[in-house]
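One-letter residues, chain by chain:
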Amino acid sequence: MECDQVGVVSMSPGSYWLEDMGAARPPKFPSIDRDLTVDVLIIGAGITGLSTAMHLRDKCSVAIVEANSVGSGTSSGSSGHLDMTADENFEELQNDWGPTVANLIVMSNIDGISQVERWSKEFDIYCDFKRVPGCRYSEQPSDSRSIGREFDTALSLGVKAQFGCPNGAQQQLRAAAGITLDNCARFDPLRYVAGLARVLGQSRNVFLFENSRAARPSSTTVEVQGSDGRPHTVYAKHVILATHSPYAGTMSLETRCFPYMSYCLTATVTNPPPDALYWDMADPYHYSRLSNSYRPDTILVGGEDHKVGHGCPTKAMESLENFVRDRFDVVKIERRWSAELWEPADGMPYIGAVPGMSGVYTATGFSGHGLIWSAVASQLLTDLILKRENKLAELFSPSRLNVRRSGATFLKENADVALKFLEGVVTGEKVASLTEIKHGEGKIVRKHITSKPLAVYRDAGGQLHVMSPVCTHLGCIVTWNERESTWDCPCHGGRYSPTGSRLYGPPPRDLQRKVDPADCDW
């Protein structure tokens, strides 16, 4: 996590959205410095938390606590795509959930896009929002029939669509077949989040705190640590976990949410595609768009997803760059970054009351569709707190169990977790001396084959930092992410700074410091 030139501390350093924000940058808010009593406590000041507060601000008192700065999580690392596909193709959606529920899901996504558009206009938030078509395509001729069924299903669900890609795009994208959807959109997610924060900062019913880390809640009374290092207590009637990751500490959620990394870059090209959203059917898949309205020669492309702590981040970014260079005339790669996302076991997000925790709500498992699900979640969570009916409540309930839809994914992903636990028993490179660890490098090492492993990092100044590699969530052994310079948990997606500070995900605490490097005799 780094502080970029606009002063935003971000989990996605290098993100295009951090560039040249000027007056649009998020306002600064104080760290919590007192105990507080409110109707609703929201943990997380990203797009989900702020959107929910927007709905609640005139109806009850709200406190928002953010461990870092406004928009510093996945909101600042996303692609800015707004489409109604729920990160699944329409045919799968209808087969898995039936036509009635599939239509409800699609319409809720369309409403989510409209919420972003409406608030952008109502509150004069310049976030470069623009309605554009969305194109799902395949480079493989063998997928033509699947694309045809997708077109038919889209029409049956009430989506306005055309067969084929936008003019000029099919050849450039090597598309063998495609379907184009009306009324998708693109925008700058960080400028939008900054605009929401400014509106909320002017509300008498809202208290917004940055650099204020909330402990994992077990009730609606939550301890929050401010920048002064002192704990403060927030007493609330309702608590919303808008942390993107599953932070409730309940195994029923954490074994049904799977952490993945996705990669993005922006590039200046001489042959940009028509202004639209594009996503292919490859595995892993790719998505692209124009980066903004005022530089039509700059494109934003993402993809190459892999599970956190599993693939090689450097190779993933290289693969993404190769994908871009193979299809566009690249003048320059401008920015590169990554962001973490959470895949739900049955394909739908978990939004609602946390099982077994009275008054505590969550919104997680957004897959690669978080900008839309955040809008849907904001309305659903508001309705649940205000005891209003919402047709999506049962469908998205964290208590649901859809064995037919989630069983295979659940077993596969959790078998992988078990394997990573076992690998942790023998992990660690045997090194004769810690002098082998270079400046800026992290390694899991052992002094002897029978020694317990250590997580060791040498900073740019040459100082060693020695920690336990045991994730403080459930005990997996972390891995070193050489591209992001973070320790990543391959089991449930927790991430730590090079020196072991908790950054993101389910872990409640920092990695344990094991030994004073000055006393290390390696």
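Described in the following lines is the structure provided in the data block. (Residues numbered from 1 in each chain as written. Predicted model: local features only at pLDDT ≥ 70, side-chain atom pairs only at ≥ 80, totals over all residues. Heavy atoms only, no water.)

1. A short note on the overall build of the protein chain
Secondary structure summary: the protein chain contains ten helices and 27 strands in total. At 23 Å, the protein chain has a C-alpha radius of gyration in line with the 24 Å of a compact globule built from 522 residues. When its C-alpha atoms are laid out on the principal axes, the protein chain stretches across 70 × 55 × 50 Å. Within the protein chain, counting contacts between residues at least 6 apart in sequence, those at least 24 apart form 68% of the total. (Helix = DSSP H or I, 4+ residues; strand = E, 2+ residues; numbered from the N terminus. Rg over C-alpha atoms; globule rule 2.2 N^0.38 Å. Contact = heavy atoms within 4.5 Å.)

2. Concerning unusual backbone geometry
The linkage connecting Asp-283 with the following residue, Pro-284, adopts the cis geometry, with an omega of 0°. The backbone phi angle of Asn-211 is positive, close to 50°, even though this residue is not glycine. In this fold, Asn-211 is placed in the loop between β9 (206-209) and β10 (213-214). Its identity as a non-glycine residue notwithstanding, Lys-387 has a phi of 60°, on the positive side. With respect to the helices and strands, Lys-387 occurs in the loop between α8 (370-385) and α9 (393-396).

3. A few points about the sheet that holds strand β25 (residues 486-488)
One open sheet holds the four strands; their spatial order is β24-β25-β26-β27, and the pairing between them is antiparallel. A single partner strand is all that each edge strand has here, and the edge strands are β24 (479-481) and β27 (502-504). Across two bridges, the pairing between strand β26 (residues 495-496) and β27 is antiparallel. Its bridge partner being in β27, Arg-495 is matched across the sheet by Tyr-504. (Pairing = 2+ DSSP bridges.)

4. Digging into the nonpolar core
Leu-50 and Ile-64 are the most contacted members of the largest nonpolar core, which has 75 residues in total. A per-element tally of this core places helix α2 (residues 90-122) first, with nine residues. Counting 31 residues, the second largest nonpolar core, distinct from the first, contains Val-222, Val-234, Leu-341 and Tyr-504. (Core = buried A, V, L, I, M, F, W, Y, C linked by side-chain atoms within 4.5 Å. Buried < 20%, exposed > 50% of the residue type's maximum accessible area, 1.4 Å probe, protein only.)

5. Thoughts on the packing of aromatic side chains
As enumerated under the stated definition, the model contains seven aromatic pairs in all. Measuring from ring centre to ring centre gives 5.2 Å for Tyr-16 and Trp-17, while their planes differ by 70°; the resulting arrangement is edge-to-face. Accessibility assignment for this pair places Tyr-16 and Trp-17 in one class, buried. Between the aromatic rings of Phe-151 and Phe-163, the centroid separation amounts to 5.8 Å while the plane-to-plane angle is 80°, which identifies the pairing as edge-to-face. Linking Phe-151 in helix α3 (residues 144-156) with Phe-163 in strand β7 (residues 161-163), this pair joins segments that are twelve residues apart in sequence. Taking relative accessible area as the criterion, Phe-151 reaches 18% and is therefore assigned buried. Each member of the aromatic cluster is reached from another via a ring pair, and the members are Tyr-457, Trp-480 and Trp-487. (Phe/Tyr/Trp six-rings, centres within 6.5 Å; stacked < 30°, edge-to-face > 60°.)

6. Some points on the packing of α2 against α3
Viewed as axis vectors pointing N to C, α2 and α3 meet at an angle of 65°, and their least axial separation amounts to 8 Å. Contact residues: α2 offers Phe-90, Glu-91 and Gln-94, while α3 offers Ser-146, Arg-149, Glu-150, Thr-153, Ala-154 and Ser-156. Taken together, the residues that form the contact of α2 with α3 break down as two nonpolar, four polar and three charged. (Axes fitted to C-alpha atoms, helices over the stretch in contact; angles between N-to-C directions. Nonpolar A, V, L, I, M, F, W, Y, C, P; charged D, E, K, R; others polar.)

7. A word on the pattern of salt bridges
One pass over the full model with this rule turns up 19 salt bridges. Its salt-bridge partner being Glu-139, residue Arg-327 comes within 2.8 Å of it at the nearest N-O pair. In this pair, Arg-327 sits in helix α7 (residues 313-327) while Glu-139 sits in the loop between β6 (130-138) and α3, placing the two residues 188 residues apart along the sequence. For Arg-327, a relative accessible area of 13% translates into the label buried. You can call Glu-139 partly exposed: its relative accessible area is 24%. In this structure, Asp-275 and Arg-186 form a salt bridge, with 2.9 Å as the shortest nitrogen-oxygen distance. In this pair, Asp-275 is assigned in the loop between β13 (257-269) and β14 (277-280) and Arg-186 in strand β8 (residues 177-186), connecting sequence segments 89 residues apart. (Salt bridge = Lys/Arg side-chain N within 4 Å of Asp/Glu carboxyl O.)

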